[in-house]
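Each chain, letter by letter, is given below.
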Amino acid sequence: MLFTMRRKKSLFFGLLSMVLIIQPSFSDVPESVTIEESLAAGLKVSNSLAASQQAFVVARQAVAAAKAANELNGNFALSGSNAQSDSKSTAGGFVSSTGLTATFSLSKRIYDSGESKTKFEVAEIDLEKARNEYLLAEQNVIFDVISAHLDVFSAQKAFDIRDANERRLFAHTEAARIRLAAGTSTPTRLAEAEARLARAQSDKILANSGLQSAVEAYESLTGFDTVKLLSFSLPQGLPENTVDAEMKAGKSHPSVIIADLAAKSSGLQFKLLKQSVSPKVNFSLSASRTEKEGRSSDKDEITTKLELSTPFIVTETTRTSSRSRQASHLKAKLDASERRRVVELEARRAFREYEASVAQIQAVESELRAAKLVADGTESEVEFGLKTL
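Fair warning: this is a prediction, and the values are worked out from it, not measured in the lab.

## Looking at unusual backbone geometry
Here's step 1: For Asn70, which is not a glycine, the phi torsion comes out positive at approximately 60°.
Here's step 2: Within the fold, Asn70 resides in the loop between α3 (47-67) and β2 (73-86).
Here's step 3: Owing to a relative accessible area of 25%, Asn70 belongs among the partly exposed residues under this scheme.
Here's step 4: Positive phi is not limited to glycine here, since Ser113 has a value of about 65°.
Here's step 5: Tracing the backbone through its elements, the reader meets Ser113 in the loop between β3 (94-111) and α4 (115-182).

Below, the structure written as structure tokens:
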């Protein structure tokens, strides 16, 4: 009879433990969010992406300004004057003279040794740099949002596991306490159960802290409130091996392209310096009309001027600027080479980590299938009386 009562108590607490573990949640289930929705929200609210977009607009306007260099300029000037001249033959000793002059002028640089063309090339390179900086900022935002999405998803799974484990061990501890009161267990077994429960509670607290941090990071990137995130599959078109990953990264990564464009732009700076001290030809046309007291003082003038100018003394400022631009160009080329090396190295490392992660997932899935087979076999043995609980 006592044995039967003990079996009933054991069965009751076992069922209670299962109910605590798999009990349904009656709270409101938040709307599920896909990775595409997370990315769309992250790209929409990103300040760094908006700043890169404005930088692109600035670079585009710089191209328009460079294209309009040496355009025709027109000016209009109007001036008036009043002069007081000393005169002995005039009462009061002074003669007043008033005049008005209006001038209209047109000017244009008709030859600049190719300086405006080179400036336009530099502006186009800077525009391409701004475009790739925007792509780099967009890539960083995408990576950050994906990482935050996965962090929340994995942190939620980890918390669910810790929560279920804590509830399971709580039920196990209560069962151990009842068995001790019934005299079928020892204080040592109860102490072991309480120790496992305390560890489970500590793990749950840490998991909850990690979940809250992941949720806050996700909300700051997307602007979404706490939501239920869905998992997603791997994208298509991934590199086939480390060599392929290295080649693709070295060829198409925005940071590599930006470094190459910076080196190309710095190479044109020395050319610009040389053209800035080369001959220039300017043309100007001006027309003016002056009206003063007395018709004999009125006059109309039309002036045309063709001016050739060129510096004939090389100053120390020019020499210093030349050396500085050569050093800047060499630095830009070295930076581009270093950037390509770092990106290719990171691509190889990332691909190896991807392969290791795939292999680890396959190993865990294989282990899980084996554990399920063991559990099913044990359940069958218990059912047919070959093994006891």
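## Some details on the packing of α3 against α4
Here's step 1: Look at α3 against α4: their axes get within 8 Å of each other, and the N-to-C directions meet at 170°. Looking at the two axes, α3 sits roughly antiparallel to α4.
Here's step 2: When the residues that make up the contact of α3 with α4 are grouped by side-chain class, the tally is 14 nonpolar, 4 polar and 8 charged.

## Quick look at the pattern of salt bridges
Here's step 1: This structure, assessed with the given rule, holds 23 salt bridges.
Here's step 2: Notably, a salt bridge pairs Arg167 with Asp163, separated by 3.1 Å at the nearest N-O pair. Highlighted residues: Arg167 and Asp163, both in helix α4, separated by 4 residues, approximately one helical turn.
Here's step 3: Assessed through its relative accessible area of 17%, Asp163 is described here as buried.
Here's step 4: Connected via shared salt-bridge partners are Asp163, Glu166, Arg167 and Lys204.

## Describing α3
Here's step 1: Under the 1.5 Å per step criterion, the end-to-end length of α3 is 31 Å for 21 residues, consistent within 8% with the ideal 30 Å.
Here's step 2: Buried within α3 are the following residues: Leu49, Ser52, Phe56, Ala59, Val63 and Ala66. Seen from one end, α3 has its buried residues packed into an arc of 90°, which puts them on one side. Projecting away from the buried face of α3 at angles above 90 degrees are the exposed residues Asn47, Val58 and Ala65.
Here's step 3: On its buried face, α3 is in contact with α2 (35-45) and α4.

## Focus on α4
Here's step 1: The end-to-end C-alpha distance of α4 is 99 Å, a good match for the 100 Å that 68 residues give at a rise of 1.5 Å each.
Here's step 2: Gly183, located one to two residues past α4, shows a positive phi value of around 85°.

## What about the layout of surface pockets?
Here's step 1: The calculated volume of the largest pocket comes to roughly 1700 Å³.
Here's step 2: Taken together, 43 residues make up the lining of the largest pocket; nearest its centre are Phe143, Ile146, Leu234, Pro235 and Leu238.
Here's step 3: Listing elements by their share of the lining of the largest pocket, those giving two or more residues are α2, α4, α6 (242-252) and α8 (316-383).
Here's step 4: Here the residues of the lining of the largest pocket sort into 23 nonpolar, 12 polar and 8 charged.

About the criteria used
- Residues numbered from 1 in each chain as written.
- Predicted model: local features only at pLDDT ≥ 70, side-chain atom pairs only at ≥ 80, totals over all residues.
- Heavy atoms only, no water.
- Helix = DSSP H or I, 4+ residues; strand = E, 2+ residues; numbered from the N terminus.
- Buried < 20%, exposed > 50% of the residue type's maximum accessible area, 1.4 Å probe, protein only.
- Axes fitted to C-alpha atoms, helices over the stretch in contact; angles between N-to-C directions.
- Parallel < 35°, antiparallel > 145°, perpendicular 65-115°, else oblique.
- Nonpolar A, V, L, I, M, F, W, Y, C, P; charged D, E, K, R; others polar.
- Salt bridge = Lys/Arg side-chain N within 4 Å of Asp/Glu carboxyl O.
- Expected span 1.5 Å × (residues − 1).
- Arc of directions from axis to C-beta.
- Contact = heavy atoms within 4.5 Å.
- 1 Å grid on protein atoms, 1.4 Å probe; cavity = no way out; pocket = protein on both sides within 12 Å on 5 of 7 lines; lining within 4 Å.
- Points joined across faces, edges and corners; volume = space filled by probe spheres on them.

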